[in-house]
Amino acid sequence: MKIFVATIDEGSLAGASRKLGRSPAAVSRAVAFLEAYVGVQLLHRTTRSIRLSEAGEPYASACRRLLADLRTANMQAARQKSVARGTLTVTAPVMAGEAFVRPIVDAFVQAYPAVNVRLHLSDCPAPWLDDDIDAALRIEQLADSSLIALPVGEVRRVIVASPHYLTGHPVIREPVDLAGHAIIAMTQFGLDSWSFPALPGASTPRVVHFMPRLIVNSVRGAIDSVLAGAGLTRLFSYQVAAEVREGSLLVVLADADRALTPAQLVIPHGRLSVPKVRAFADFAVPRLRAHFSGAAAPWRAPRLAELSVPVE
């Protein structure tokens, strides 16, 4: 039908051949096939001109309508393919998810009404065995090359304690001094030891072993215990940024570990081409970068001496 209409519009088989990029023989065969299919001559052909037969005139009008409908249907299908829709599954650590990801998801579902979101918050890293996971905020070094990692920031590991705890316990000047303190441990930071970068000129990391006084699987729980003066804990800087800024928690050994841990929006390979995932990545990445630049920027922890507590 396309060749038939092009032949009418161009006024010749040669013109249709040039317009469609087909050989004149292929155009002639296509018109002959169409005439054989409908069982009637559609064109009157001479060496100089082509004109529609009596049967060909209404048939050509019908072809134009059908081809226009087909173009419209193709355009609509293409738009549907590019529209973000369906259910999107996002995972994140609990605190970062509550503070950063959840507000972004709230705004995203307002901007994309055809997308529903399942937000799963857990401090256990996603194993990527569940094909339903579309995107995850991960704060760690990633070794799996099958994942697409979009960087959104960096954070530090910090050791914190309350001013009240530090006033009643030995001064902490080096990592080895931690062995004499009450440690509140979490799995992701080490249950019985903490490592620190090697000293300048050395190649072996420093490792401090301890017997924890408390093991907890909740970041909020660890922070609350430290605020209550139960001991020290190690967390990411963004997790205690507010408490450090207000002075209710102090960072110890701030110069002992300046290594940075990347924060990334991670997407399984091939999933970024899915419209709902692409839309979320484009929407979330700049907002996550803004959050992490504020929450994990290199703030300087106040020292005890600055708070009029004579420990250093």
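Keep in mind that what you see is a predicted model, and the values were worked out from it rather than measured.

Draft legend 1. Summary view of the nonpolar core. In this structure, Leu178, Leu232, Leu265, Phe280, Leu288 and Phe292 are the most contacted members of the largest nonpolar core, which totals 66 residues. Among the elements that line this core, the one with the most residues is helix H9 (residues 275–295), at nine residues. Membership of the second largest hydrophobic core comes to 16 residues, among which are Ala16, Leu42, Leu43 and Cys63.

Draft legend 2. Region of the structure containing helix H3 (residues 24–38). With 15 residues, H3 ought to run about 21 Å at 1.5 Å a step, and its terminal C-alpha atoms sit 22 Å apart, in line with that. Of the positions making up H3, those classed as buried are Val27, Val31, Leu34 and Glu35. With its buried residues spanning 100 degrees around the axis, H3 presents them on a single face. Those residues of H3 that are exposed and aimed more than 90 degrees away from the buried face are Arg29, Phe33, Ala36 and Tyr37. Directly beyond the C-terminal end of H3, a positive phi value near 80 degrees is found at Gly39.

Draft legend 3. Structural context of the pairing of strand S4 (residues 115–121). As paired strands, strand S3 (residues 86–92) and S4 are joined by seven bridges and run parallel to one another. Across the sheet, Leu88 pairs through a bridge with Val117, a residue of S4.

Draft legend 4. Region of the structure containing the packing of helix H1 (residues 2–10) against helix H2 (residues 13–20). Packing of H1 against H2 brings their axes to within 8 Å, and their N-to-C directions diverge by 120 degrees. H1 and H2 meet at a crossing whose hand is right-handed. Contacts between H1 and H2 involve Lys2, Ile3, Ala6, Thr7, Asp9 and Glu10 from the first element and Leu13, Gly15, Ala16, Lys19 and Leu20 from the second. Residue classes in the contact of H1 with H2 are distributed as five nonpolar, two polar and four charged.

Draft legend 5. Representation of the environment of Thr167 in the model. If you trace the backbone, Thr167 turns up in helix H6 (residues 163–167). Within the structure, the side chain of Thr167 is placed 2.8 Å from the backbone oxygen of His164, a separation counted as a polar contact.

Draft legend 6. Main features of empty space enclosed by the protein. Taken as a whole and judged by the stated rule, the model has two cavities of 30 Å³ or more. Its boundaries defined by the atoms lining it, the largest cavity holds a volume of some 50 Å³. Around the largest cavity, the lining residues are Arg156, Arg157, Val158, Ile159, Phe196, Arg234, Val251, Val252, Leu253, Ala254 and Asp257. Here the element with the most residues in the lining of the largest cavity is strand S6 (residues 147–161); it accounts for four residues. By volume, the second largest cavity is sized at about 40 Å³.

Draft legend 7. Highlighting the environment of Gly229. Here Gly229 is to be found in the loop between helix H7 (219–227) and strand S11 (232–236). Taking the C-alpha atoms as reference points, Gly229 and His164, 65 residues apart in sequence, are found 6.2 Å from one another. In contact with Gly229, not counting residues within four places along its chain, are Ser162 and Tyr165.

Draft legend 8. Representation of the packing of aromatic side chains. Scanning the model with the defined rule gives twelve aromatic pairs in all. Ring centres 5.5 Å apart and planes at 65 degrees place the aromatic pair Phe108 and Phe283 in the edge-to-face group. Of this pair, Phe108 sits in helix H5 (residues 94–111) while Phe283 sits in helix H9; the two residues are 175 residues apart in sequence, bridging distant segments of the chain. Seen in terms of ring centroids, Phe236 and Tyr238 are 6.4 Å apart; in terms of plane orientation they differ by 15 degrees. Their pairing is stacked. This pair shows no difference in class: Phe236 is buried, exactly as Tyr238 is. When the ring centre of Phe283 is taken as origin, the NZ or CZ atom of Arg287, which lies over that ring, is 3.6 Å away.

Draft legend 9. Here's a closer look at the confidence of the model for the protein chain. Summing up the model confidence of the protein chain, the mean pLDDT is 85 and the portion of residues at 70 or higher is 88%. In this model, residues 296–312 is a region of pLDDT below 50 whose contacts with residues beyond four sequence positions or in other chains number 29 contacts.

Draft legend 10. Summary view of the packing of H2 against H3. Close contact between H2 and H3 brings their axes to 8 Å; oriented N to C, the two are set at 110 degrees. By the angle between their axes, H2 is roughly perpendicular relative to H3. Note on packing geometry: the crossing formed by H2 with H3 is right-handed. Mapping the contact onto sequence places Leu13, Ala16 and Ser17 in H2 and Pro24, Val27, Ser28 and Val31 in H3. Here the residues of the contact of H2 with H3 sort into five nonpolar, two polar and no charged.

The rules we used
- Residues numbered from 1 in each chain as written.
- Predicted model: local features only at pLDDT ≥ 70, side-chain atom pairs only at ≥ 80, totals over all residues.
- Heavy atoms only, no water.
- Core = buried A, V, L, I, M, F, W, Y, C linked by side-chain atoms within 4.5 Å.
- Buried < 20%, exposed > 50% of the residue type's maximum accessible area, 1.4 Å probe, protein only.
- Helix = DSSP H or I, 4+ residues; strand = E, 2+ residues; numbered from the N terminus.
- Expected span 1.5 Å × (residues − 1).
- Arc of directions from axis to C-beta.
- Pairing = 2+ DSSP bridges.
- Axes fitted to C-alpha atoms, helices over the stretch in contact; angles between N-to-C directions.
- Left-handed = near helix turned anticlockwise from the far one by under 90°.
- Contact = heavy atoms within 4.5 Å.
- Nonpolar A, V, L, I, M, F, W, Y, C, P; charged D, E, K, R; others polar.
- Polar contact = N/O pair within 3.5 Å; in protein donor to acceptor, adjacent residues only side chain to side chain.
- 1 Å grid on protein atoms, 1.4 Å probe; cavity = no way out; pocket = protein on both sides within 12 Å on 5 of 7 lines; lining within 4 Å.
- Points joined across faces, edges and corners; volume = space filled by probe spheres on them.
- Phe/Tyr/Trp six-rings, centres within 6.5 Å; stacked < 30°, edge-to-face > 60°.
- Lys NZ or Arg CZ within 6 Å of the ring centre and 35° of its normal.
- pLDDT = per-residue confidence, 0-100.
- Parallel < 35°, antiparallel > 145°, perpendicular 65-115°, else oblique.

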